Amino acid sequence: MLQHPSRFLAATSVALACALGASAPARAEYPDKPVKLVVNFTAGGPLDIMARLIGEKLAGQFKQPFVVENKTGSGGNIGAASVATAAPDGYTLLVGLDSTFTVNPGLYPNLGFRLDQLKPVTLFGSSNMLIAVSPKVQVSTLKDLVAKGRADPVSFSSAGNGSPGHLSGAMLAQATGLKITHVPYRGNAPAVLALVSGEVQAAALAASGLIQQVQAGTVTPLAVTGRARSPLLPNVPTTAELGFPDVRQDVIYSVMAPSGTPQAIIDKLEGAITTALAAPDIQERLRTMDISPMNLRGDAATRELAATRDRYLKIIKSSGMSVD
């Protein structure tokens, strides 16, 4: 008996689909090739060090290289833009600081990317800014510095226009009435040298970058700006403890991915990074670099960045901060 043509075609289609399904290769498990970690600040700093340490741990877990590439410029915008426009497949990630998303929107007319083009994998750590003075200034407390600066402007060094230290100085001036003369340098090291030499009177710089000078007595620490005291400087109070709760600034370390990256890959990366950061050697490096562990992801991380951005933008606008 002849088979009806439509039935014959249907049977043939089913057989062909089965054959193709049986022969199709299984989808490779992520990651099956090297992953690029873009660091949007210079090599050798705490962010770059952490990216390389995390990359080594992830390479060990996934048996694939995690390669760090430094893409600097425009306050971190250039590196962030390169990740924002990358394929959303988990093979290009940004290891950066919150300032790209919380400070830069108030300083740069064009970031080179939209904030919603990147989403957090994890906010994994935060560190303090340290307000310190040259011994030549002859003040020993933040309140003394504020009193002095209300009468005569105090020169403040920072690692550059738009840097976290620039924001710290503006925040302190706005909250206390302290008059400052901002002196930007090209990076943390020359800003520290200017403070030690007495070229400037004060500075707001990463606590980890000043610890050796504090220990040597070549600078006087006054306060840290974070939520808690620095493990490196446990005797130095926070600004909130000294009666200046509005002078609060944490430098937040993050891993970001292009927004279209599948959630399954985001979850896998976040779990692996959490495991990496729990390793005893990484915990010790975090401590020595004054980085307190965080573990914010998903909506909680997005809310943290948005709230911080709103607070900083008000300070930037009212203080007249600029990158010029």
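Residues numbered from 1 in each chain as written. Predicted model: local features only at pLDDT ≥ 70, side-chain atom pairs only at ≥ 80, totals over all residues. Heavy atoms only, no water.

1. Re the pattern of salt bridges
In this structure the tally under the stated criterion is 12 salt bridges. Notably, a salt bridge pairs Lys71 with Glu69, separated by 3.7 Å at the nearest N-O pair. With relative accessibility at 25%, the residue Lys71 sits in the partly exposed group. (Salt bridge = Lys/Arg side-chain N within 4 Å of Asp/Glu carboxyl O. Buried < 20%, exposed > 50% of the residue type's maximum accessible area, 1.4 Å probe, protein only.)

2. Side note on the nonpolar core
Of all hydrophobic cores here, the largest spans 43 residues; its most connected members are Leu94, Phe113, Leu118, Leu142, Leu145, Phe156 and Leu167. Among the elements that make up this core, the one with the highest residue count is helix H11 (residues 298–319) (5 residues). In contact with Phe113, other than residues within four places in its own chain, are Asn77, Ala80, Ala81, Ala84, Thr100, Phe101 and Leu118. Among the nonpolar cores identified, the runner-up in size contains 35 residues, and Leu58, Phe66, Phe124 and Leu286 belong to it. (Core = buried A, V, L, I, M, F, W, Y, C linked by side-chain atoms within 4.5 Å. Helix = DSSP H or I, 4+ residues; strand = E, 2+ residues; numbered from the N terminus. Contact = heavy atoms within 4.5 Å.)

3. Here we look at helix H6 (residues 164–176)
With 13 residues, H6 extends 18 Å between its outermost C-alpha atoms, agreeing within 8% with the 18 Å of an ideal straight helix rising 1.5 Å per residue. The set of residues buried in H6 consists of Gly165, His166, Leu167, Ser168, Gly169, Ala170, Met171, Leu172 and Thr176. Among the structural elements, strand E4 (118–133), helix H5 (142–151), strand E5 (154–158), strand E6 (180–184), strand E7 (202–206) and H11 are those in contact with the buried residues of H6. Directly beyond the C-terminal end of H6, a positive phi value near 85 degrees is found at Gly177. (Expected span 1.5 Å × (residues − 1).)

4. Side note on the layout of surface pockets
Computed from the structure, the largest pocket encloses a volume of approximately 1,200 Å³. Contributing to the lining of the largest pocket are 43 residues, with Phe41, Ala159, Ser163, Gly187 and Asn188 lying nearest its centre. Breaking the lining of the largest pocket down by element, the ones donating at least two residues are helix H2 (46–62), E4, H6, helix H7 (188–197), E7, helix H8 (207–216) and strand E9 (250–258). (1 Å grid on protein atoms, 1.4 Å probe; cavity = no way out; pocket = protein on both sides within 12 Å on 5 of 7 lines; lining within 4 Å. Points joined across faces, edges and corners; volume = space filled by probe spheres on them.)

5. Overview of the confidence of the model for the chain
Caution applies to low-pLDDT regions: their predicted coordinates should not be interpreted in detail. Mean pLDDT over the chain: 90, with 92% of residues reaching 70 or higher. Confidence, expressed as mean pLDDT per element, reaches its minimum in the chain at helix H1 (residues 5–23) with 48 and its maximum at strand E1 (residues 35–39) with 98. Low pLDDT, under 50, characterises residues 19–24; the predicted model gives this stretch 0 contacts beyond four residues in sequence or across chains. (pLDDT = per-residue confidence, 0-100.)

6. Focus: the environment of Met50
Tracing the backbone shows Met50 in helix H2. The exposure class of Met50 is buried, given its relative accessible area of 0%. Met50 sits 77 residues away from Ser127 along the chain, and the two C-alpha atoms are 13 Å apart. Residues contacting Met50, with those up to four places away along its chain left out, are Phe124, Leu277, Ile282, Leu286, Met289 and Ile291.

7. Regarding helix H9 (residues 263–277)
Residues separated by three or four positions in an α-helix point in the same direction, a consequence of the helix having 3.6 residues per turn. Helix length check: H9, at 15 residues, gives a terminal C-alpha distance of 21 Å against a target of 21 Å (1.5 Å per residue), a fit within 8%. Where H9 is concerned, the buried positions are Ile265, Ile266, Leu269, Glu270, Ala272, Ile273, Ala276 and Leu277.

8. Examining unusual backbone geometry
Following Tyr30, the chain continues into Pro31 via a peptide bond in cis, with omega recorded as -10 degrees. Position of Pro31 among the secondary structure elements: in the loop between H1 and E1. With phi around 60 degrees, Lys63 is a residue other than glycine that occupies positive phi space. Topologically, Lys63 is positioned in the loop between H2 and strand E2 (66–70).

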